[in-house]
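Structural overview
Listed here are the chains, written in short residue letters.
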Amino acid sequence: MKKQFVVALALLVGSMSFAQKDELKTAEKAIKNGNYADAKSAIMTAESKIGSADEKMQAEFYFLKGQALYANGNGANEDMIAAIESFDKAVEIEKASGKDKYTGDINEMKTQMMSSFLTSANTALENKEYMKSSAGFEQAYRMSPKDTIYLYYAASTAVTAQDYDTSLAMYEKLRDLGYNGETIQYVATNKETGEEENFPSPSMRDISVKAGSHIAPKQTKSESKSAEIIKNIALIYVTKGEDEKAIEAMRAAREANPDDLSLVLTEANVQLKMGNKDEFRKLIEVATEKDPNNAELQYNLGVVAAESGDLVTAETYYKKAIELDPNYADAYNNMAVMILSKEKEIVEQMNGLGSSAADDKKFDQLKKDQVVLYTSAIPYLQKSLELKPGNIQAAKTLMNIYSVTEQPEKFKEMKAKVEEMESQK
């Protein structure tokens, strides 16, 4: 009786194995015929009991499952991800068992898949289908996790599509992986054009140098993307209304990289976006100490000082920005705006005067002060307009100043320029 029970159990296990084998054959046939829906159905039927199968059958199952889900490149995004996992599982099983019946085919298929994913991602990017592009780059990353740049592309395209949850998860993974995007670039100057050109390898560069077509070979490092990644994490948190997490992300990055000026500037911009102007000013001051010859930093401090009503300090910063960069158009423009803002006080005094002889005398003096004020703004407006010829607001202000200061020829000239600018709108 005991012996019969054992035999019956063995028969039961055997029948289960045959059933799984039949499902796998059905899936294989459907895949060959391009009927991936039927293949998926057969695979799903066999999946519940695949854990009890031997290694050979398990490897075959995951190989077929990967093909069914990939569907020759037409699978849904979720299916593509699952297909990659299935292929990896099949390779893992065969590696453990010392057999490689499917590994070669899988590697070849994964190469084709990688090419397909990247082509699809780039095409979608050109067509501004950003989420489709992001999915393609993410799939490429899953295929080859060592190529972290694909995850970076996936995050960048997702944030462009304003899918902040998806992009945030990717950026945080990049941060946790310590990805900085730095690459070595092999450069030489083309003798004919005089322009620097990048080469894919030092050997190819050196061949061109030896051939005499290129000179001055060198090796450079691309700019780090760490600050950009941290900035995007912080800005996504700001967009989601999670300001504290944004600041926490920035400060953690700065603690890890205390000498990184770009991180200080990134946190300053996040603080400004959040409306924290005092914190913005403090961080810009820190940045200015690190880079005292940066005209943009001086300009930003001028903006903050002007907005807080400290015009004397604002003037100092704007002049410093102009000193560092004589072609800083916005600094000239803001100097003019700041000077003209002082007119309000003069006008208020004028409006507060009575009709006595003393008040009339005071009015005349204030009128002269007003003209002096206008005149002092002219050089800054002229320079701003010279550097940015399309600045119609500067042109209109100059036109009005020429009118008030009784400079008819310059008024006519500026009036004609304003009319020309307005006609081109």
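Let me begin by describing the structure that accompanies this report. (Residues numbered from 1 in each chain as written. Predicted model: local features only at pLDDT ≥ 70, side-chain atom pairs only at ≥ 80, totals over all residues. Heavy atoms only, no water.)

Attention shifts here to the overall build of the protein. Along the backbone of the protein there are 20 helices and three strands. For 425 residues, the compact-globule estimate of 2.2 N^0.38 gives 22 Å, and the protein exceeds it by more than 25% at 35 Å. Overall, the protein is about 130 × 65 × 45 Å in size when its C-alpha atoms are taken along their principal axes. The burial tally for the protein puts 38% of its 425 residues in the buried class. Put simply, of all contacts in the protein between residues at least 6 apart along the chain, 52% involve residues at least 24 apart. (Helix = DSSP H or I, 4+ residues; strand = E, 2+ residues; numbered from the N terminus. Rg over C-alpha atoms; globule rule 2.2 N^0.38 Å. Buried < 20%, exposed > 50% of the residue type's maximum accessible area, 1.4 Å probe, protein only. Contact = heavy atoms within 4.5 Å.)

Turning our eyes to something else, we now look at the sheet that holds strand β2 (residues 196-199). The pairing of strands in a sheet comes from backbone hydrogen bonds and takes either a parallel or an antiparallel form. Strand order in the open sheet made by the three strands is β2-β1-β3, with antiparallel pairing throughout. The sheet is open, and its two edges are formed by β2 and β3 (214-221), each paired on a single side. Ignoring which end each strand starts from, the neighbouring axes of this sheet average 30° apart. As defined by bridge partners, strand β1 (residues 184-190) adjoins β2 across four bridges and the pair is classed as antiparallel. For Tyr186, the partnering residue across the bridge sits in β2 and is Phe199. (Pairing = 2+ DSSP bridges. Axes fitted to C-alpha atoms, helices over the stretch in contact; angles between N-to-C directions.)

Time to look at the nonpolar core. Met113, Phe117 and Leu174 are the most contacted members of the largest nonpolar core, which totals 62 residues. When residues of this core are assigned to their parent elements, the largest contribution, nine residues, is made by helix α3 (residues 55-70). Residues Ile322, Tyr374, Ile401 and Val418 belong to the second largest nonpolar core, which totals 36 residues. (Core = buried A, V, L, I, M, F, W, Y, C linked by side-chain atoms within 4.5 Å.)

The next subject is helix α11 (residues 243-256). With 14 residues, α11 should reach 20 Å at 1.5 Å per residue; the first-to-last C-alpha distance of 20 Å fits that figure. Taken together, the buried positions of α11 are occupied by Ala246, Ile247, Ala249, Met250 and Ala253. Buried residues of α11, viewed axially, fall in a sector of 155°; they line one side. Seen from the open side of α11, the exposed residues pointing more than 90 degrees away from its buried face are Glu244, Glu248, Glu255 and Ala256. Packed against the buried residues of α11 are α10 (226-239) and α12 (261-273). (Expected span 1.5 Å × (residues − 1). Arc of directions from axis to C-beta.)

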